[in-house]
Amino acid sequence: MNTRLAVLVVSAFGLSACATTPTLFPTAEVTASSETVRVAGTGDAADDPALWVAPDPARSLILGTDKTAGLYVFDLSGVVRQFLPAGRLNNVDVRDGFLFEGRAVPLAIATNRTTRTLDMFIIDAETGDVSAPPGATVPLDFEEPYGACLYAAPDGGFHAGVTDKEGAFVQLELRMDRDGFTAIERRRLDLGSIAEGCVFDDRTGDLFIAEENVGIWRYPADPDMGDERTQIAAIDGRDFVADIEGVTIYPEGADGGYLVASVQGDDAYAVFRLPQADYVGRFRVTADPETGVDETTETDGIHVSAAALPGFQAGVLIVQDDADDEGGQNFKLVDWAAIARALGL
Ligand code: CA
Ligand code: CA
Ligand code: CA
Ligand code: CA
């Protein structure tokens, strides 16, 4: 607390002393509406959530990793529907429309540190059951597969992006045919240093990757477009503090909306307006005495959706909480409307 206060005081002094100092955005506060059941793993266990929006939005599913054990499937009320003991899964992502056994189905991927593989899961859109079909796993040559993100490309291809702790990124095109699942490596990037969070913007063909101690980069999602990158956010120790964990996109229209980044170092979430990715502010998730849902700290993986869901008509941000007030770790659900109000979006 004292460190944070000191930083704020220094920044405020800097503002008055120098007219060219960028505006210091105050950190907004929002509360979570609800939370999931805690994951069973002890210590640092819950890591990264993803949301599958069902045809009937009320039956949508939250996928959440327990990085000591496997994959949880929660319903929107936070109750556990399923647990798949797949191993030490780190990050998870989901997309609709993957061609599997002649049908377009929802596909989830997760990085598995037990088997050093990328694991694939199919969601039955009718029943909401999540399963790992036999052979639905791709070996990775990473010591510790870390972040994971999915890209539904305009040509119908499905790409998985995987990061590791050495700063490598590999982009694999996933297919399912008579021979089973295959993954073709489309490109490999050296990001520079440890990187976890990544997200593809299927609308614009952008790929955003968070280099934990450096900032956020934008690459072309299409490997044929080259590997030139631009930095859209740099860690400055003030608005943006190491390390950056999850990155996720709230889409509006053809290229608008927001990029949200989880800033673990000061328990906050930074928001950037798309398509330029201009910084618009940040917020913390604080305890709500009315609902009894506690604050989020040392925030990790996040996932935002703009889909209208029961109780979340403007969408929902799902965030990992490092310390649930009842012990252990879980995921919190934050109404996007509350975030938009708090930041004046
Ligand atoms: Ca991390
Ligand atoms: Ca993480
Ligand atoms: Ca709680
Ligand atoms: Ca908490």
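Before reading on, note that the structure itself is shown above.
Residue numbers restart at each chain and count upward from 1, following the sequence in its written direction. Key to labels: chains lettered from A, ligands numbered from 1, both in the order written. In keeping with the predicted nature of the model, local features appear solely for residues at pLDDT of at least 70, side-chain atom pairs appear and are counted solely at 80 or more, and the whole-chain, interface and lining totals rest on all residues. No hydrogens and no water enter the side-chain calculation; it runs on all heavy atoms of the structure.

Colleague: How should I be thinking about the pattern of salt bridges in this particular structure?
Modeller: Pairing is possible between side chains that carry opposite charge, provided their charged atoms lie close to one another. Between Lys or Arg on one side and Asp or Glu on the other, a salt bridge is scored when a side-chain nitrogen of the former is within 4 Å of a carboxyl oxygen of the latter. Using the criterion set out here, one finds 24 salt bridges in the structure. Where E173 meets R175, a salt bridge forms, and the shortest distance between an N and an O atom there is 3.6 Å. Residue E173 is classed as buried on the basis of its relative accessible area of 8%. Partly exposed residues are those whose accessible area sits between 20% and 50% of the maximum for their type, while under 20% is buried and over 50% is exposed, using a 1.4 Å probe and protein chains only. Residue class for R175 comes out partly exposed when judged on its relative accessible area of 41%. Notably, a salt bridge pairs R186 with D224, separated by 3.4 Å at the nearest N-O pair. Taken together, the positions of R186 in strand β15 (residues 180-190) and D224 in the loop between β18 (215-220) and β19 (230-234) put the pair 38 residues apart, joining distant regions of the chain. Given a relative accessible area of 28%, R186 falls into the partly exposed group. Among the residues examined, D224 registers a relative accessible area of 63% and is labelled exposed. A single network of salt bridges, built from pairs that share partners, joins E35, R38, D294, D321, D324, E326 and K332. Helix and strand definitions follow DSSP, with helices as H or I runs of at least four residues and strands as E runs of at least two, each counted in order from the N terminus.

Colleague: I keep staring at the coordination of the calcium ion (ligand 4) and nothing clicks. Help me out?
Modeller: Working reference: metal with six octahedral donors, ideal angles 90 or 180 degrees; metal with four tetrahedral donors, ideal angle 109.5 degrees. Any N, O or S atom lying within 2.8 Å of the metal counts as a donor, and for Na, K and Ca the limit rises to 3.2 Å; water is left out, so some sites can look incomplete. At 2.2 to 2.9 Å from the calcium ion (ligand 4) lie its protein donor atoms, namely D294 (OD), E295 (O), D321 (OD), D321 (OD) and A323 (O). Looking at D321, the relative accessible area reads 0%, which means it is buried.

Colleague: Sorry if this is basic, but what is going on with the environment of V304 here?
Modeller: Along the chain, V304 turns up in strand β24 (residues 302-305). C-alpha of V304 to C-alpha of P49: the two residues are 255 residues apart in sequence and 9.4 Å apart in space. Residues are treated as being in contact if the distance between any of their heavy atoms lies within 4.5 Å. Not counting residues within four places of it along the chain, the set of residues in contact with V304 comprises T248, I249, Y250, V316, L317 and W336.

Colleague: Honestly, the coordination of the calcium ion (ligand 1) in this entry has me stumped. Any pointers?
Modeller: Looking at the calcium ion (ligand 1), the protein donor atoms are Y146 (OH), E196 (OE), E212 (OE), E245 (OE) and E245 (OE), and they sit 2.2 to 2.8 Å from it. In the primary sequence, the donor residues of the calcium ion (ligand 1) line up as Y-x49-E-x15-E-x32-E. Here the calcium ion (ligand 2) and the calcium ion (ligand 1) are spaced 4.0 Å from one another, each receiving a donor from E196. Here E212 lies in the loop between β17 (206-211) and β18 and E196 lies in strand β16 (residues 195-201), a separation of 16 residues in the sequence. Residue E212 is classed as buried on the basis of its relative accessible area, which comes to 5%.

Colleague: How should I be thinking about the state of the cysteines in this particular structure?
Modeller: Such a bond, covalent and formed between the sulfur atoms of two cysteines, is termed a disulfide. The disulfide criterion used throughout: a pair of cysteine sulfur atoms within 2.5 Å. Scanning the entire structure with this criterion turns up 1 disulfide. Between C149 and C198 runs a disulfide, and the two sulfur atoms are separated by 2.2 Å. With the S-S bond torsion at -110°, the cross-link from C149 to C198 turns out left-handed. Of this pair, C149 sits in strand β12 (residues 145-152) while C198 is found in strand β16, placing the two residues 49 residues apart along the sequence.

Colleague: How should I be thinking about the sheet that holds strand β26 (residues 330-335) in this particular structure?
Modeller: Within a sheet, adjacent strands bond to each other through the backbone by hydrogen bonds, running parallel or antiparallel. Strand order in the open sheet made by the 4 strands is β2-β26-β25-β24, with antiparallel pairing throughout. Every other strand in the sheet has two partners, leaving β2 (34-35) and β24 as the edge strands with one partner each. Against the sheet, helix α2 (residues 336-343) touches β24, β25 (316-321) and β26, its axis set at about 60° to β26. The pairing criterion is simple: DSSP has to find at least two bridges between the two strands. To obtain each axis, a line is fitted to C-alpha atoms, and for helices this fit is confined to the stretch in contact; angles are then taken between N-to-C directions over 0 to 180 degrees.

Colleague: Looking at this structure, how should I read the pairing of β24?
Modeller: Side-chain direction in a regular strand flips from residue to residue, so the side chains alternate between the two faces of the sheet. Here β24 shows a buried face lined by I302 and V304 and a second buried face lined by H303 and S305. Judged from the 4 bridges that link them, β24 and β25 form a sheet pairing that is antiparallel. Paired with S305 across the bridge in β25 is V316.

Any functional reading would require information beyond the geometric quantities listed.
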